[in-house]
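Results of the structural survey
Given next are the chains, with one letter for each unit.
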Amino acid sequence: MTQRNPDAAGLPQRTVKVDYLSRVEGEGGLYARVENGEVREVKLDIFEPPRFFEAFLRGRHFQEVPDITARICGICPVAYQMSSVHALEAALGVSPGPEIRQLRRLLYCAEWIESHALHIYLLQAPDFLGYDSAIAMAADHPHEVERALRLKKIGNDLLALLGGRATHPVSVCVGGFYKVPRRKELEALRGDLEWGLEASLETVRFVSGLAFPDFAPNYEFVSVSHPDEYPMNERKIVSSAGVDIEPTEFEKVFLEEHVEHSTALHSKRADTGTSYFVGPLARINLNFEKLFPRAKEAARATGICWPCKNPFQGIVVRAVEMVHAYEEALAIIASYREPARSRAEFKVHAGEGCAATEAPRGVLYHRYRINDQGLVEFAKIVPPTAQNYRRMEDDLRLFLPGILERAEPEIARACENLIRNYDPCISCSTHFLKLKLDSD
Amino acid sequence: MAKPKVAFYWCASCGGCEEAVVDLAEGVLKVVEAVDIVFWPVALDFKRSDVQAMPDGAIDVAFINGAIRMSEQEAMAKLLRKKSKLVIAYGACAYQGGIPGLANLTDKETILEYVYHQSPSTTDGTGVRPQTHTTVPEGELELPEFYETVKTLDQVIDVDYYLPGCPPTGKITFQAIEAILAGKLPEKGAVLAGDRALCYECDLNSTKPEKLLVSDLKRVHQVIVDREKCLLAQGILCLGPVTRGGCEAPCVKGGMPCTGCFGPLDLVRDYGGKALSAMASIVDTTDEKVLAKIFEAVPDPAGTFYRYSVPASLLARKRKAA
Ligand code: SF4
Ligand code: SF4
């Protein structure tokens, strides 16, 4: 949509406006002002209805928290459950045994699989292939769409087996699980998982053949880090600019700030005030060596030079992580022994704790304080998309000058594509996008 | 016959309802073939202006999920109502207010004050709150206005049918779509999931004693559950008897009691009230003091019995009147 308004100097100004950013999980708009070919201002205008989880978690019993925080995001409920569980376990001093830990990683694998399959094929591939949607794409690429749905369904089946239900699983609790799977139930999924591993390798080949715009900003990548594992649920936080901290220091290093034009909070580095990048691209760049062998091999075969700074290639990274998730899921199942107890015993007492885990979209930090009855006194949740908003604005500022020559609808589309690289799950912080571009 | 035109829209939601639609998996392709999807922001590049340009009643069915939190959602709901012959409230949030509705236990000012100022997550100290209008040189950017409370969809527009669940299952979604395609819908206002309590589809129902009496109420994390025996008979708070079935009891199969996401049965006005009285009636005492002691096992009754239904409840109405 184009409007022409005279500006103060009487010069015509153009406004390109996209009233809804589609194919992102949430609601938002984008506003940009350009003067003499220079980008003066970029604002992400988040109008996703904030649902104020942090406020109404207060007074709830700590064991209800995982069930409630799951509802922050229907695409990545596991990450919300698990970050809250880890934070509450830190508050209560609970540490479940190694079998539980493996099962939790398996749960993450399942969620990464279903979330990445959805984003790669159904939300992002249409951008690269020039379709308006996966539905339009399905007519010409039926195999890809069918592959996507099956890849996703296997993730869902694994989630449903471990969690009781695929969306908003119910078996996760502080201390472990209410119910753990039998070995033979997991074994029954092996054939599907093996198919999924091959199909994800096929996916890596498919997406690495797409044409990517040339764009490589100087990002500070931030992710969770573990000495021997590709990061999922533990535990330190590291960055490409040298941050290396325990979760307890997270709020000293990263700040959330309110902005008038958005219902969501925006994050930045506390000391420099600069933006940072969380998500698959950050994870792989900071943890490449910890990928499982076939995932690593597939990543090398893409021809991308790692570390990779092109956010458009995030789609390739998601495919590589999907390979990893299938590989690791198979490995966990192969060595699975049913734990004697499905959850650790502990005494409820007052306490405070925090944790960061890797949601499909990046670092997800939670902190809770509970009283001696186990009721939540405060909750803090810093979702990945909120941490990326400022980075998205910075990206747009860098990206716009290169495309200003194009027709307005195309500019709007290119900006949407750029934002979609972040797989913004605006429903997590709140929903997402609307594009207004003013230029003379 | 032309394919029916269908719209999907989300209000204040988590995206789980959209997942439920995508998770029809192979089914979704059948649906996509059978209908003409004219609006679905999560998956399709159609914009609001496309909907505005449609003649009234042009959409055959609109599935709307999520609760009404801000002016934006009310406006979209009204627009879709005008353009659609049928509106279906999809999922617990649109139907009963859902988990975001727990926010109604406090008021808007307290919430905004907490979230944007006092909460430990707001470390920037500037006290900036989102504004409905932000001035930029070219004019104003608009953000929708927060409402005092979370509302259900039928508190802002007329709703034809309801699909319960957090989220609804693929099965009931598919059945609803089939009923629409076949033109076999029940009376307006119906909840499209049958009118039978969850217990009737629970594997453990055969172990539930006819006259259920327990001396104690427990919550699932306090005990090790006997997987072969009705949870309620073990004294574990399971809301199966007062909750509409249709989900096939995945939670109980997963080792968890039902928390009531499918909402009340047809003749029940207030889900939480009904749940509370049902639980009180199985406790083997009439002594109020003993009863109060037993209910101490439930430190958060509102969040337990009204987890998905505060906005739809009489509780909310009372607060408004007060
Ligand atoms: S009370 Fe719960 S466990 Fe018992 S039969 Fe009903 S749904 Fe099943
Ligand atoms: S068992 Fe209860 S909480 Fe679980 S899906 Fe069914 S109605 Fe919802």
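Residues numbered from 1 in each chain as written. Chains lettered and ligands numbered in written order. Predicted model: local features only at pLDDT ≥ 70, side-chain atom pairs only at ≥ 80, totals over all residues.

Focus: the overall build of chain A
The condition that has to hold: Segments assigned H or I by DSSP are reported as helices when at least four residues long, segments assigned E as strands when at least two residues long, and all are numbered from the N terminus. Three classes are used. A residue is buried when 20 or more other C-beta atoms lie within 10 Å of its own, exposed when 12 or fewer do, and partly exposed in between, with C-beta atoms placed from the backbone. C-beta atoms are first placed from the backbone for all residues, and any pair lying within 7 Å is then listed as a contact.
The helix and strand inventory of chain A stands at 15 helices and 15 strands. Among the 440 residues that make up chain A, the fraction classed as buried is 60%. Put simply, 73% of the contacts in chain A that link residues at least 6 apart link residues at least 24 apart.

Re the overall build of chain B
Within chain B, the secondary structure is distributed over twelve helices and nine strands. Taking the contacts inside chain B whose residues are at least 6 apart along the sequence as the reference set, 74% of them involve residues at least 24 apart.

Focus on the site of ligand 1
Cut-off, in case you're wondering: What makes a residue near a molecule or strand is its C-beta atom, placed from the backbone, lying within 6 Å of it. Think of it as three bins: nonpolar holds Ala, Val, Leu, Ile, Met, Phe, Trp, Tyr, Cys and Pro, charged holds Asp, Glu, Lys and Arg, and polar takes everything else, Gly as well.
Surrounding ligand 1, one finds 16 residues, the nearest of these being Cys199, Cys202, Cys230, Cys238 and Gly240 of chain B. Residues that form the shell around ligand 1 fall into these classes: 13 nonpolar, two polar and one charged.

Quick look at the site of ligand 2
The environment of ligand 2 is made up of Leu198, Thr243, Cys247, Ala249, Pro250, Cys251, Val252, Cys258, Thr259, Gly260, Cys261 and Phe262 of chain B. Residues that form the shell around ligand 2 fall into these classes: nine nonpolar, three polar and no charged.

Section: the sheet that holds strand β14 (residues 376-382) of chain A
All names here are of chain A. Basically, it comes down to this: Two strands are counted as paired when DSSP detects at least two bridges linking them. Whenever a helix is involved, its axis is fitted only over the stretch in contact; in every case the axis is a line through C-alpha atoms, and angles between N-to-C directions fall within 0 to 180 degrees.
One open sheet accounts for three strands, arranged β12-β13-β14; its pairing is antiparallel. Both outer strands of the open sheet, β12 (351-359) and β14, are each paired with one neighbouring strand and no more. Strand after strand, the sheet turns through a mean of 15° between neighbouring axes, direction not considered. Lying on the sheet, helix α3 (residues 77-92) is in contact with β12 and β13 (362-370); it crosses β12 at an angle near 150°.

Structural notes on the pairing of strand β5 (residues 84-90) of chain B
Residues and elements named next belong to chain B. Summarising burial for β5: five of the seven residues are buried, a large majority. In this structure, strand β3 (residues 59-65) lies alongside β5, joined through six bridges in parallel fashion. Across the sheet, residue isoleucine 64 finds its bridge partner in β5, namely alanine 89. The sheet contact formed by β5 and strand β9 (residues 161-163) spans three bridges and is parallel.

Quick word on the sheet that holds β3 of chain B
Residue and element names in this part refer to chain B. One open sheet accounts for five strands, arranged β2-β1-β3-β5-β9; its pairing is parallel. Pairing within the sheet leaves two strands with one partner each, and these edge strands are β2 (36-39) and β9. Averaged over neighbouring strand pairs, the angle between their axes works out to 30° when direction is ignored. Bridge count between strand β1 (residues 5-10) and β3: five bridges; the pairing is parallel. In the strand pairing of β3, alanine 7 is matched with alanine 62. Along the sheet face, helix α4 (residues 71-83) touches β1, β3 and β5 and points at about 135° away from the line of β5.

Digging into unusual backbone geometry
When glycine is set aside, most residues are seen to have a negative phi, and most peptide bonds are trans. All names here are of chain A. Omega for the bond connecting glutamate 234 with arginine 235 falls within 30 degrees of zero, at -25°, which places this linkage in the cis form. Locating arginine 235 in the fold gives a position in the loop between β7 (222-225) and β8 (236-239). With phi around 55°, histidine 168 is a residue other than glycine that occupies positive phi space. Residue placement: histidine 168 occurs in the loop between α6 (142-163) and β5 (172-173).

Describing the nonpolar core
Selection rule: By definition, a nonpolar core groups buried Ala, Val, Leu, Ile, Met, Phe, Trp, Tyr and Cys residues that connect through C-beta atoms lying within 7 Å of each other. Where each domain starts and ends follows an automatic or database-derived domain assignment.
Counting 207 residues, the largest nonpolar core has Ile113, Val320 and Val323 of chain A together with Ala7 and Ile64 of chain B as the members making the most contacts within it. Looking at which element gives the most residues to this core, the answer is helix α4 (residues 98-129) of chain A, with 15 residues. Two domains each donate at least three residues to this core, and these are domain 1 (5-99 + 148-182) and domain 3 (198-305) of chain B. If near-sequence neighbours (up to four positions away) are discounted, isoleucine 64 of chain B is found in contact with Tyr9, Cys11, Ala77, Leu80, Val87, Ala89, Tyr90, Ala94 and Leu153 of chain B.

Description of the environment of proline 231 of chain A
Residues and elements named next belong to chain A. Locating proline 231 in the fold gives a position in the loop between β7 and β8. A tally of 23 C-beta atoms within 10 Å means that proline 231 is categorised as buried. With 127 residues separating them along the chain, proline 231 and glutamate 358 place their C-alpha atoms 6.6 Å apart. Residues within four places of proline 231 in sequence aside, it is in contact with Ser223, Val224, Ser225, His226, Arg283, Asn287 and Glu358.

Looking at the packing of α4 of chain A against α6 of chain A
Residue and element names in this part refer to chain A. Heads up, the rule is: Orientation is classified from the angle alone, with under 35 degrees giving roughly parallel, over 145 giving roughly antiparallel, 65 to 115 giving roughly perpendicular, and any other angle giving oblique. Take the far helix as the reference: if the near one is turned anticlockwise from it by less than a right angle, the crossing is left-handed, and if turned clockwise, right-handed.
Where α4 contacts α6, the axes come no closer than 8 Å and their chain directions differ by 155°. Viewed along their axes, α4 and α6 adopt a mutual orientation that is roughly antiparallel. Handedness of the crossing formed by α4 with α6: left-handed. Contacts between α4 and α6 pair Leu103, Leu106, Leu107, Ala110, Glu111, Ile113, Glu114, Ala117, Leu118, Tyr121 and Leu122 from the former with Glu144, Val145, Ala148, Leu151, Lys152, Ile154, Gly155, Asn156, Leu158, Leu159, Leu162 and Gly163 from the latter. For the contact of α4 with α6, a count of residues per class yields 16 nonpolar, three polar and four charged.

Side note on the confidence of the model for chain A
Residue and element names in this part refer to chain A. Filter applied, for reference: The pLDDT value expresses, per residue, how confident the predictor is, ranging between 0 and 100.
Per-residue pLDDT for chain A averages 83, and the proportion of residues at 70 or more is 85%. For residues 1-26, every residue scores under 50 in pLDDT, and the model assigns this stretch 90 contacts once sequence neighbours within four places are set aside. Here residues 426-435 scores under 50 on pLDDT; set against residues more than four positions off or in separate chains, the count is 70 contacts.

Considering the pairing of β14 of chain A
Residues and elements named next belong to chain A. Of all seven residues in β14, five are buried; the element is thus mostly enclosed. By the bridge criterion, six bridges tie β13 to β14 in an arrangement that is antiparallel. Looking across to β14, one finds that arginine 369 is bridged to phenylalanine 378. Hairpin connection of β13 to β14: five residues between the antiparallel strands, including glycine 374 at a positive phi of 90°.

Overview of the environment of glutamate 327 of chain A
All names here are of chain A. Structurally, glutamate 327 is set in helix α12 (residues 314-334). Separated by 293 residues in the primary sequence, glutamate 327 and valine 34 have C-alpha atoms spaced 47 Å apart. Ignoring anything within four residues of it in the chain, the contact list for glutamate 327 reads Leu197, Phe292, Arg294 and Ala295.

Digging into helix α13 (residues 384-399) of chain A
Residues and elements named next belong to chain A. Selection criterion: In this scheme, a helix's expected span is set at 1.5 Å multiplied by one less than its residue total. Bend, at a single residue, is the angle you get between axes fitted to the 7 residues ending at that residue and the 7 residues starting at it.
The end-to-end C-alpha separation of α13 is 22 Å, in line with the 22 Å expected for 16 residues at 1.5 Å each. Of all bends in α13, the biggest is about 35°, found at arginine 390. Across the 16 residues of α13, twelve count as buried, placing the element largely inside the fold. Those residues of α13 that fall on the buried side of the exposure criterion are Pro384, Thr385, Ala386, Gln387, Asn388, Tyr389, Arg390, Arg391, Met392, Asp395, Leu396 and Phe399.

Section: the confidence of the model for chain B
Residue and element names in this part refer to chain B. Looking at chain B as a whole, its pLDDT mean stands at 80, while 81% of the residues score no less than 70. Contacts for the low-pLDDT stretch residues 114-130, under 50 throughout, to residues beyond four places or in other chains number 40 contacts. Predicted confidence for residues 132-143 stays below pLDDT 50, and this span has 29 contacts to residues more than four positions away or in other chains. The complex prediction reports pTM at 0.82, with the ipTM value standing at 0.74.

Section: the environment of histidine 86 of chain A
Residue and element names in this part refer to chain A. The residue histidine 86 is located in helix α3 in this model. Judged by local crowding, histidine 86 falls into the buried class, with 23 C-beta atoms found within 10 Å. Between the C-alpha atom of histidine 86 and that of glycine 353, which follows or precedes it by 267 residues, the distance is 8.4 Å. The residues contacting histidine 86, other than those within four sequence positions of it, are Asn233, Ala355 and Thr357.

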